[in-house]
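# Per-entry structural report
Take a look at the letters that make up each chain.
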Amino acid sequence: VVHLFLQLLPNYSSNNINAVKDLVYKRFKDQLKDHDLIERAFLESQGVIHHSRLGPLLKDPNSYRELSVSSVLALPMAFGDKTKREVRIKGRLDLLNLSVSKVFIVDFKTHSKVPSSVKAVDISVLAQLELYSRMLNQVYPDHDISTAIVWTNTTSLMKIPRMSSDKALNTLFANQVLDDIKAGS
């Protein structure tokens, strides 16, 4: 629900916020046992939107939220195997910010426990961001591509360095990383 608020609210003026909240409530009221969850999600998303650094990023006209992406990448076949195969990868970016020379990919995480450092972030999240980076590098080869995680419950931005090898990707089953992954193209 936090993701939905972060997708919708930056597009509306403060005069329409309650209308957006009502729409989200109507959408989820039959599915939720805890109706206070919507209010908590709303407040959490408001914290992100009103954050001095994150709010402008969300409201930037060059920021796109909940963007579907798809690409074919050459990925390692198995751990330790140097052979690669072409794999079609599909995913959804929580936020993509574009400028003349930069691509900034942001993943929103609503976990209650926020890792203390990048080294403590789940490897599947790191691999997911690296795959997104590689996908967008095909579209924007001359741009500087960077990634980050926004931890919504602490309203913090954690920059994630790019992986220079396939090591992290070798340790994962691809279907655990993104929404959809299929061999071939």
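Starting from 1, residues in each chain are numbered consecutively following that chain's sequence as written. Reporting of local features is limited, given that this is a predicted model, to residues whose pLDDT is at least 70; pairs of side-chain atoms are given and counted only at 80 or more, and all residues count toward the totals for whole chains, interfaces and linings. Excluding hydrogens and water, the side-chain values take into account all heavy atoms of the structure.

## Section: the overall build of the chain
Definition in use: Numbering goes from the N terminus for both helices and strands, where a helix is a DSSP run of H or I of at least four residues and a strand is a run of E of at least two. Contact criterion: two residues are considered in contact whenever any of their non-hydrogen atoms come within 4.5 Å of each other. Per-residue and other accessible areas follow the Shrake-Rupley method at a 1.4 Å probe size, with only the shown protein chains counted as cover for residues.
Secondary structure summary: the chain contains six helices and six strands in total. For the chain, restricting intrachain contacts to residue pairs at least 6 apart in sequence, the fraction spanning at least 24 positions comes to 67%. Carbon and sulfur atoms make up 50% of the accessible area of the chain, which totals about 10,500 Å².

## Topic: the side chain of S63
Spelled out, the test is: Polar contacts here mean pairs of N or O atoms no more than 3.5 Å apart (in protein, one a potential hydrogen donor and the other a potential acceptor; neighbouring residues in sequence count only if both atoms are side-chain atoms).
Summarising the element assignment, S63 is placed in strand β1 (residues 63-76). At a separation of 2.6 Å, a polar atom in the side chain of S63 contacts the main-chain carbonyl oxygen of L57.

## So, the packing of aromatic side chains
To describe a pair of aromatic rings, one takes the distance between the centres and the angle between the planes. Rules: Here the aromatic set is Phe, Tyr and Trp, taking the six-membered ring for Trp, and pairing holds for ring centres within 6.5 Å; pairs whose planes are under 30 degrees apart are stacked, those over 60 apart are edge-to-face, and all others are tilted. Whether a residue is buried, partly exposed or exposed follows from its accessible area with a 1.4 Å probe, protein chains only, as a fraction of its type maximum: under 20%, in between, or over 50%, in that order. Comment: the charge-over-ring label is applied if NZ (Lys) or CZ (Arg) is within 6 Å of the ring centre and within 35 degrees of the ring normal.
Counted by the stated rule, this structure contains one aromatic pair. Ring geometry for F5 and F42: centres 5.5 Å apart, planes at 75°, overall edge-to-face. Here F42 lies in helix α3 (residues 36-49) and F5 lies in helix α1 (residues 2-8), a separation of 37 residues in the sequence. Summarising the burial analysis for this pair, F5 and F42 share the class buried. The positively charged end of R27 is found above the aromatic ring belonging to F28, 4.7 Å away from the centroid.

## A word on the packing of helix α2 (residues 17-28) against α3
We count it as follows: Here, axes are lines fitted to C-alpha atoms. For helices the fit covers the stretch in contact, and angles between N-to-C directions go from 0 to 180 degrees. Orientation is classified from the angle alone, with under 35 degrees giving roughly parallel, over 145 giving roughly antiparallel, 65 to 115 giving roughly perpendicular, and any other angle giving oblique. Each helix crossing is assigned a hand: it is left-handed if the near helix lies turned anticlockwise from the far helix by less than a right angle, otherwise right-handed if that turn is clockwise. Amino acids are sorted into nonpolar (Ala, Val, Leu, Ile, Met, Phe, Trp, Tyr, Cys and Pro), charged (Asp, Glu, Lys and Arg) and polar (every other residue, Gly among them).
In contact at an axis separation of 11 Å, α2 and α3 are set at 140° when each is read in the N-to-C sense. Viewed along their axes, α2 and α3 adopt a mutual orientation that is oblique. Remark: the crossing between α2 and α3 carries right-handed chirality. When α2 is examined against α3, the residues I17, K21, V24, Y25 and F28 are found in contact with a partner set consisting of I38, E39, F42 and Q46. Partitioned by chemical class, the residues of the contact of α2 with α3 number six nonpolar, one polar and two charged.

## Observations concerning helix α5 (residues 123-139)
As a reminder, the rule being used: A helix is expected to span 1.5 Å for every residue after the first.
Compared with the 24 Å implied by 1.5 Å per residue over 17 residues, the 25 Å span of α5 between its first and last C-alpha is a close match. Counted residue by residue, α5 has twelve buried out of 17 residues, so it is predominantly covered. All of the buried residues along α5 are V125, L126, A127, Q128, L129, E130, L131, Y132, S133, R134, M135 and L136.

## Let's talk about the side chain of S45
Relative to the helices and strands, S45 is located in helix α3. Since its relative accessible area comes to 0%, S45 is described here as buried. Sequence-distant contacts of S45, that is, excluding residues within four places in its chain, are made with V2, F5, L6 and L9.

## Things to note about the pairing of strand β4 (residues 144-151)
For clarity, the cut-off: Following DSSP output, two strands are said to pair if at least two bridges run between them. The crossover handedness rule: strands pointing away from the viewer, path from first strand over the helix to second strand clockwise, crossover right-handed.
Among the eight residues of β4, six are classified as buried, and the element is accordingly described as predominantly covered. Alignment of strand β3 (residues 102-109) against β4, held across eight bridges, turns out to be parallel. The residue of β4 that forms the bridge with F108 is V150. In this view, the connection linking β3 to its parallel neighbour β4 by way of α5 has right-handed handedness. Sheet topology note: the β4/strand β5 (residues 156-160) ladder contains five bridges and is antiparallel. Counterpart to T147 in the pairing with β5 is I160. Where β4 hands over to β5, the hairpin turn is made up of four residues, of which T155 adopts a positive phi near 50°.

## Details of the confidence of the model for the chain
Detail in the predicted coordinates should be disregarded across regions flagged by low pLDDT. To keep things clear, this is the line we draw: Each residue carries a pLDDT score, the predictor's own confidence in it, on a scale running from 0 to 100.
Averaged over all residues, the pLDDT of the chain equals 84, while 85% of them reach at least 70. The weakest mean pLDDT in the chain belongs to strand β6 (residues 180-183) at 48; the strongest belongs to β3 at 97. Of the regions scoring below 50 in pLDDT, residues 173-185 engages in 31 contacts with residues more than four places distant in sequence or in other chains.

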